[in-house]
Amino acid sequence: DLMKAQGDIIIYGTLVFLDPTFSASVMKALTDYRMTIDMLKSPKVATELRRYLEKCKLNYGSFEESFKNFINHGKLNLEVLQYLFRYLPIHFDDYDRIIRMLVETFAIFLSRKEVDTTLDGPTKPVVLFHLPNEPDFEIIKKRWPSDYPKDKYHHYEVRFEFPLGCPASLAGHFAA
């Protein structure tokens, strides 16, 4: 690795990466385009996943649902993050600083839906790379009124709050 051979280091706040490829490994874990829901069912991955979930005392059904939300919508939660980082030498106590770094560099962004208060916590970490390219028409049909009284409603809106600003690549997703 050229950067390591040259003695390059990456410093972010109190984190010092002596091996620059490590920070690339963190990003790779979050943005691996080969990840799919079907991947969990392949014999090799299924066996490893079962051992991992037993070791961490996690339920397969809830993990599968969380993983599906991550792959299809970019929604990241702790159990999926731990699974993605399972081969990286990151101590659990350092997750907070790593996540903060990823949020501040817009690899992950925090969104908050104003209407939905049933989910766990006011902000939702989202990995932009996993936002779908095509809209989910079933969700749109459920949430977007197809017929409404003209005298009662004048517009329909959805609001999201981005506490740290809007990531540059997000506009392309909304314009599509």
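Each value, and the rule that gives it
- Residues numbered from 1 in each chain as written.
- Predicted model: local features only at pLDDT ≥ 70, side-chain atom pairs only at ≥ 80, totals over all residues.
- Heavy atoms only, no water.
- Helix = DSSP H or I, 4+ residues; strand = E, 2+ residues; numbered from the N terminus.
- Buried < 20%, exposed > 50% of the residue type's maximum accessible area, 1.4 Å probe, protein only.
- Contact = heavy atoms within 4.5 Å.
- Areas by Shrake-Rupley, 256 points an atom, 1.4 Å probe, with all protein chains shown as cover.
- Expected span 1.5 Å × (residues − 1).
- Arc of directions from axis to C-beta.
- Core = buried A, V, L, I, M, F, W, Y, C linked by side-chain atoms within 4.5 Å.
- Salt bridge = Lys/Arg side-chain N within 4 Å of Asp/Glu carboxyl O.
- Phe/Tyr/Trp six-rings, centres within 6.5 Å; stacked < 30°, edge-to-face > 60°.
- 1 Å grid on protein atoms, 1.4 Å probe; cavity = no way out; pocket = protein on both sides within 12 Å on 5 of 7 lines; lining within 4 Å.
- Points joined across faces, edges and corners; volume = space filled by probe spheres on them.
- Nonpolar A, V, L, I, M, F, W, Y, C, P; charged D, E, K, R; others polar.

Q: Explanation requested: the overall build of the chain in the structure shown.
A: Secondary structure summary: the chain contains eight helices and five strands in total. Sequence-ordered secondary structure for the chain, helices as α and strands as β, is α-β-β-α-α-α-α-α-β-β-α-β-α. Residue burial in the chain is summarised as follows: out of 176 residues, 27% are buried. The contacts of the chain with a sequence gap of at least 6 include a subset with a gap of at least 24, amounting to 56%. When the accessible surface of the chain is summed, it comes to about 12,300 Å², and 57% of that surface belongs to carbon and sulfur atoms.

Q: So what exactly am I meant to see when it comes to helix H3 (residues 43-56) here?
A: Because each turn of an α-helix spans 3.6 residues, side chains separated by three or four positions in sequence point in the same direction. In this model H3 runs 20 Å from its N-terminal to its C-terminal C-alpha over 14 residues, within 8% of the 20 Å that 1.5 Å per residue would give. Listed as buried for H3 are Val45, Leu49, Tyr52 and Leu53. Seen along its axis, H3 keeps its buried residues to an arc of 95°; they face one direction. Exposed residues pointing more than 90 degrees away from the buried face of H3 are listed as Pro43, Lys44, Arg51, Glu54 and Lys55. Buried residues along H3 sit in contact with helix H4 (60-73) and helix H5 (78-84). After H3 finishes, the residue Lys57 shows a positive phi value of roughly 55°.

Q: Explanation requested: unusual backbone geometry in the structure shown.
A: Phi is mostly negative for residues that are not glycine, and the peptide bonds are mostly trans. With phi around 55°, Lys57 is a residue other than glycine that occupies positive phi space. By secondary structure assignment, the location of Lys57 is in the loop between H3 and H4. By relative accessible area, which is 75% here, Lys57 ends up exposed.

Q: Looking at this structure, I do not really get the nonpolar core. What am I missing?
A: The nonpolar side chains of a soluble globular protein tend to be buried with one another. Counting 33 residues, the largest nonpolar core has Leu30, Phe67, Leu76, Leu84 and Phe85 as the members making the most contacts within it. Elements that contribute at least two residues to this core include exactly strand E2 (15-17), helix H2 (20-31), H3, H4, H5 and helix H6 (95-104). Among the elements that line this core, the one with the most residues is H6, at five residues. Among all residues touching Leu84, those that are not within four sequence positions of it are Ala29, Leu30, Met35, Phe67, Phe70 and Leu76.

Q: It is not clear to me how the pattern of salt bridges should be interpreted in this structure. Could you clarify?
A: Side chains carrying opposite charge are able to pair once their charged atoms draw close together. Taken as a whole and judged by the stated rule, the model has five salt bridges. Two residues, Glu64 and Lys41, come together in a salt bridge whose shortest N-O distance is 3.5 Å. Of the two residues, Glu64 is situated in helix H4 and Lys41 in the loop between H2 and H3; the sequence distance between them amounts to 23 residues. Of the charged contacts, one joins Glu48 and Arg86 as a salt bridge, the two residues approaching to 2.8 Å between their closest N and O atoms.

Q: Would you mind going over the packing of aromatic side chains with me for this structure?
A: In this description, a pair of aromatic rings is defined by centroid distance and the angle of the planes. Per the counting criterion, the structure on display carries six aromatic pairs. In textbook terms, an aromatic cluster arises when at least three aromatic residues are bridged by ring pairs, as seen for Tyr52, Phe63, Phe67 and Tyr83.

Q: Help me understand the layout of surface pockets in this model?
A: By volume, the second largest pocket amounts to about 410 Å³. Around the second largest pocket, the lining comprises 17 residues; the ones closest to its centre are Ala29, Asp32, Leu84, Arg86 and Tyr87. Contributions of two or more residues to the lining of the second largest pocket are made by H2, H3 and H5. Residue classes in the lining of the second largest pocket are distributed as nine nonpolar, two polar and six charged.

Q: Would you take a moment to explain the environment of Phe109 for this structure?
A: You can see Phe109 is positioned in strand E3 (residues 108-113). Between the C-alpha atoms of Phe109 and Val126, which are 17 residues apart in sequence, the distance is 5.4 Å.

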